[in-house]
Amino acid sequence: MACVERCCRCCADSRRHSSILYNILRSEERAAPPPELRPRRGQGQASRSCPCGSRRRVALRSPQVACKAASAVLVKTLRFVQNVPCFQELPLEEQLLLVRSCWAPLLLLGLAQDRVHLETVESAEPSMLQRILTTRRQGEQPPPRGPEPGRPHHGPHLPSTGEIQAINGFLAKCWSLDISTKEYAYLKGTVLFNPDLPGLQCTQYIEGLQREAQQALNEHVRLIHRGDEARFDKLNVVLSLLGSINANVIAELFFRPIIGAVNMDDMLLEMLCAKL
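Residues numbered from 1 in each chain as written. Predicted model: local features only at pLDDT ≥ 70, side-chain atom pairs only at ≥ 80, totals over all residues. Heavy atoms only, no water.

### Regarding the overall build of the protein chain
Line of reasoning, step 1. Of regular secondary structure, the protein chain possesses 13 helices and two strands.
Line of reasoning, step 2. Taking all contacts inside the protein chain whose residues are at least 6 apart in sequence as the whole, residues at least 24 apart take part in 83%.
Line of reasoning, step 3. Here the protein chain displays about 15,100 Å² of accessible surface, and carbon together with sulfur accounts for 49% of that area. (Helix = DSSP H or I, 4+ residues; strand = E, 2+ residues; numbered from the N terminus. Contact = heavy atoms within 4.5 Å. Areas by Shrake-Rupley, 256 points an atom, 1.4 Å probe, with all protein chains shown as cover.)

### Let's talk about helix α5 (residues 92-113)
Given 3.6 residues per turn, any residue in an α-helix points the same way as the ones three and four places further on.
Line of reasoning, step 1. Between its terminal C-alpha atoms α5 stretches only 28 Å, short of the 32 Å expected from 22 residues at 1.5 Å a residue.
Line of reasoning, step 2. Most of α5 sits out of view: 16 of its 22 residues are buried.
Line of reasoning, step 3. In the segment just after α5, arginine 115 is the residue with positive phi, at about 55°. (Expected span 1.5 Å × (residues − 1). Buried < 20%, exposed > 50% of the residue type's maximum accessible area, 1.4 Å probe, protein only.)

### Focus on the pattern of salt bridges
Line of reasoning, step 1. Summed over the entire model, instances satisfying the criterion amount to five salt bridges.
Line of reasoning, step 2. For arginine 100, the salt bridge identified is with aspartate 265, shortest N-O distance 3.9 Å. Here arginine 100 is found in helix α5, whereas its partner aspartate 265 is found in helix α13 (residues 264-273), with 165 residues between them in sequence.
Line of reasoning, step 3. The partly exposed category is assigned to aspartate 265, whose relative accessible area is 33%. (Salt bridge = Lys/Arg side-chain N within 4 Å of Asp/Glu carboxyl O.)

### Things to note about unusual backbone geometry
Line of reasoning, step 1. Phi is positive for arginine 115, which is not a glycine, with a value near 55°.
Line of reasoning, step 2. Checked against the element boundaries, arginine 115 lands in the loop between α5 and β2 (120-122).
Line of reasoning, step 3. For arginine 115, a relative accessible area of 33% translates into the label partly exposed.
Line of reasoning, step 4. Non-glycine residue aspartate 178 carries a positive phi angle of around 50°.
Line of reasoning, step 5. Summarising the element assignment, aspartate 178 is placed in the loop between α7 (161-177) and α8 (181-192).
Line of reasoning, step 6. Take aspartate 178: its relative accessible area is 55%, and that puts it in the exposed class.

### Some details on the side chain of glutamine 95
Line of reasoning, step 1. If you trace the backbone, glutamine 95 turns up in helix α5.
Line of reasoning, step 2. Apart from residues lying up to four places away in sequence, glutamine 95 is in contact with Phe87, Gln88, Leu90 and Leu272.

### Describing the packing of helix α3 (residues 63-82) against α13
Describing two packed helices takes the angle between their axes plus the distance from one axis to the other.
Line of reasoning, step 1. In the contact formed by α3 and α13, the axes pass within 10 Å of each other and the chain directions differ by 55°. One element, α3, and the other, α13, form an angle in the oblique class. Like other packed secondary-structure pairs, α3 and α13 cross with a definite hand, here right-handed. Within the contact between the two elements, α3 uses Leu74, Val75, Leu78 and Gln82 and α13 uses Met267, Leu268, Met271, Leu272 and Cys273.
Line of reasoning, step 2. By residue class, the composition of the contact of α3 with α13 is eight nonpolar, one polar and no charged. (Axes fitted to C-alpha atoms, helices over the stretch in contact; angles between N-to-C directions. Parallel < 35°, antiparallel > 145°, perpendicular 65-115°, else oblique. Left-handed = near helix turned anticlockwise from the far one by under 90°. Nonpolar A, V, L, I, M, F, W, Y, C, P; charged D, E, K, R; others polar.)

### Here we look at α8
Line of reasoning, step 1. In this model, α8 (12 residues) spans 16 Å end to end at C-alpha, consistent with the 16 Å of a helix rising 1.5 Å per residue.
Line of reasoning, step 2. Within α8, 10 of the 12 residues are buried, leaving the element largely enclosed by the surrounding structure.
Line of reasoning, step 3. Taken as a whole, α8 has its buried residues at Glu183, Tyr184, Ala185, Tyr186, Leu187, Lys188, Gly189, Thr190, Val191 and Leu192.

### Description of the nonpolar core
Line of reasoning, step 1. Among the nonpolar cores identified, the biggest contains 70 residues, and Phe87, Trp103, Ile167, Phe170 and Phe193 are the most heavily contacted of them.
Line of reasoning, step 2. Top element by residues in this core is α5. It accounts for 12 residues.
Line of reasoning, step 3. Once you skip the residues sitting within four places of it in the chain, tryptophan 103 turns out to touch Leu74, Ala247, Ile250, Ala251, Phe255, Met264 and Leu268. (Core = buried A, V, L, I, M, F, W, Y, C linked by side-chain atoms within 4.5 Å.)

Shown next as structure tokens:
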């Protein structure tokens, strides 16, 4: 898919713009993440501990460093999208709908491509059991279990250990396959051009673009990895892992710690309409 492949080169061009994210970035994208964000041996693998541990809340060990790296990747990701000619031919409403639905998977692919590692620590927030025991000793009523069904929870949401394991599992899978720049571009094209989104008007056109991205990926794999007939399927397994990762978790993990409760739709709209 030529229009996606050309973006591998276009995304290296850097232009300054005063968007929300640029207020927290001291400089533009870096060629490589800081040493503390690079993957370490054995990290990112699933744990066999008690399932209760997967519900423990965690936070980034170095939020300023990790969030800054993720913000730089988001800028680079939106620049990639903007430089896809096929994407630019779509109406603005269609562009916004596609970006709002796929920004998180595209960001995770970018984090994997830049080899950004997540290092987390358990939150100091007391567990539900600790709060119950504390309030009972004080003669108070135990705290509620959570928001009532049907009522949204507006407070900050710290990711659970299980959610972080899903993200690290995805990153580890990408790194184990040693995905190339072209393969990342075709995978991003497959994610970006999702014809199954409700509200799309150019469904057939977008479906054709996704099919082209998959075909280009298949042809590239067959040409470069002739001895690995299963590589195309392995790369598509990577995409399937993205379905288990919630976009709200990504927003809370990487952007709330430094820019607060910013509406991601508003930020994406600003960035998409800007010349990054």
